[in-house]
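Summary of structural features
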Amino acid sequence: MRPKASPLLYGLLLAGPLLVGMFRPGQLGSAWLRANLRIRAWPAYAARTSAPACREPGLSAAATTVPAMGKSAAIALYQCSECGWRSMKWAGRCGECQSWGTVAEMRVPAMARASLRSSVQAGHAAFAGSAAAISIADVDASNAGARPTGLDELDRVLGGGLVPGAVVLLAGEPGVGKSTLLLAAGALAAESGPVLYVTGEESAAQVRLRADRIGAVSRQLFLAAETDLAALLRHVDAVRPSLLIVDSVQTITAADVDGAPGGVTQIREITSALMAVAKQQTLTTVLVGHVTKDGSIAGPRALEHLVDVVLHFDGDRHSQLRMVRALKNRFGPTDEIGCFELGEYGLIGLADPSGLFLSQLRDPVPGTCVTVALEGRRPLVAEVQTLVCASTADLARRVTSGLDASRVGMILAVLQRRAGVTIGKQDVYAATVGGVRLTEPSVDLAITLAAASATSELSVSPHLVAIGEVGLAGEIRRVPGVQRRLAEAERMGFRSAIVPPGSGGLPGPGGQLTDVTEAADVRQAISAALGKSPAPR
């Protein structure tokens, strides 16, 4: 509130300039002039301050509302170029994938936000006319069953085949055979309906040459070399396929989406658009994805959450063995693997791949031992080989191929500390046969016996398999599926086995596997496998 006019205030206004003029005689005239002006202005000021507070608003009246501050046309966001993690503040390290220097600024246009709000409002308006929820017991699932692709090993991993309307992501390293696998699967699926194969990395003529080589030519298999999403969708409307294969999703671009081709924003929006088409038209869609240097799927982490099935196709490029593993499957198990052999005429399914992982040596050699790994629900008989020799450098080498290097180093330490095997500064080389990768703990005992055999120059029997996990205390721990592993070893002609104590389901008398030894620690296992304790070097 304004202060009211009073005689005291009037006196102060008049006396102030005069007092200044008394102490400063040179400024008396100007002081008298200021006082005179204040005296003349006093009646208007007194009338204004004595008026009531409620008055008609004029040009200088206070506004009843305060205008909002101007907003920018875009909201600043920061996004990781590796995984798509977003933040309102810049950070040197991604909060999701922990990568350094990958967070960059991105802007969300105001038009995009307005269209998003309008889409949400339209969705709420259309919700009143959508179908009502029904009981799960009344849902018809007769047309949602899996349809076989014709490749038994691929169907094993998928859980029986491809489900209509499912979106499958197949990832793998370059040159591993992803395009060859999907081209063969597409040709087999074309026998029951049209299949559209969209390639963004090759021309249609190049795909035709590969199809001629592997025998994947069909009149119902349509090819399209496209990198634009709108053109891809037009091909889908024209062909009306039952199976859509996109090779690869990183090469498809959308004109109305910001970001470089293969970037996080592009991949997310394109995958969402293809998923919407797949669900609306009950179109089975297979997307080919790239992998990064560490073997993970390239693109945002949300990509794996969007799709229904995530498959990983891996294998050593110097080996003929290829394996398909399910990392995520909404329609089947994730503990199955499919084995293929890559040859001149394409991929051939291997129903019994165990023979590929065994050496063909006639005489036993020190440093080898056979184990039975369990990949999913499939037992694989594989051989582990080690070589221990004098080191020519000051620092001993530990080289592995197909095995976990950290577990091999742990097993060598257990051998020296718990079993008295002196390895010292000798070089140790450990590898598998056939290019298979064995990472489960049940392979520990085979690595232990192979290293002890190489150190002592004593051979393990070629008819023996070793199964078990080795602990830091030297104990041998139980592993799941011992009965299934021993049955596979017996089928392959092995006659003796070393297993952890307390393993249930051991085979009874009458089979080929007659000698099953339960070893409690590594000393007992070495004694049972080599006949005596190894002689340290």
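The shown structure was predicted, so the numbers you read here are calculated from the model rather than taken from an experiment.

**Notes on the sheet that holds strand 9 (residues 309–314)**
Across the sheet, nine strands lie side by side as 6-5-7-8-4-9-10-11-12; this open sheet has mixed pairing. Each edge of the sheet is formed by a strand with only one pairing partner; in this case those strands are strand 6 (221–225) and strand 12 (346–349). Here the average twist between neighbouring strands, direction ignored, is 25°. On the sheet, helix 6 (residues 204–214) packs against strand 5 (195–199), strand 6, strand 11 (337–343) and strand 12 and is oriented at approximately 145° with respect to strand 6.

**As for the nonpolar core**
In summary, soluble globular proteins display a tendency toward joint burial of nonpolar side chains. Judged by nonpolar contacts, the single largest core of 46 residues is most densely connected at Met-323, Leu-403, Leu-438, Leu-449 and Ile-498. In terms of residue count, helix 11 (residues 444–456) provides more of this core than any other element does, eight residues in total. Those residues in contact with Leu-403, other than ones at most four positions away along the chain, are Val-384, Val-408, Ala-430, Ala-431, Thr-432, Arg-437, Leu-438, Val-443 and Ile-447. Core analysis: the second largest hydrophobic core is formed by 33 residues, Leu-162, Ala-189, Leu-221 and Val-288 among them.

**Considering the packing of aromatic side chains**
For the coordinates displayed, the defined rule picks out one aromatic pair. Ring geometry for Phe-313 against Phe-340: centres 6.4 Å apart, planes inclined by 80°, an arrangement best described as edge-to-face. Of this pair, Phe-313 sits in strand 9 while Phe-340 is found in strand 11, placing the two residues 27 residues apart along the sequence. Residue Phe-313 is classed as buried on the basis of its relative accessible area, which comes to 0%.

**Let's talk about the pairing of strand 7 (residues 243–247)**
Counted residue by residue, strand 7 has five buried out of five residues, so it is predominantly covered. A two-sided burial pattern is seen for strand 7, the buried positions comprising Leu-243, Ile-245 and Asp-247 on one face and Leu-244 and Val-246 on the other. Looking at chain direction, strand 5 and strand 7 are connected through five bridges and run parallel. Paired with Tyr-197 across the strands is Ile-245, a residue of strand 7. Of the strand pairs in this sheet, strand 7 and strand 8 (residues 284–289) are connected by four bridges, and their pairing is parallel. In the strand pairing of strand 8, Val-246 is matched with Leu-287.

How each quantity is defined
- Residues numbered from 1 in each chain as written.
- Predicted model: local features only at pLDDT ≥ 70, side-chain atom pairs only at ≥ 80, totals over all residues.
- Heavy atoms only, no water.
- Pairing = 2+ DSSP bridges.
- Helix = DSSP H or I, 4+ residues; strand = E, 2+ residues; numbered from the N terminus.
- Axes fitted to C-alpha atoms, helices over the stretch in contact; angles between N-to-C directions.
- Contact = heavy atoms within 4.5 Å.
- Core = buried A, V, L, I, M, F, W, Y, C linked by side-chain atoms within 4.5 Å.
- Buried < 20%, exposed > 50% of the residue type's maximum accessible area, 1.4 Å probe, protein only.
- Phe/Tyr/Trp six-rings, centres within 6.5 Å; stacked < 30°, edge-to-face > 60°.

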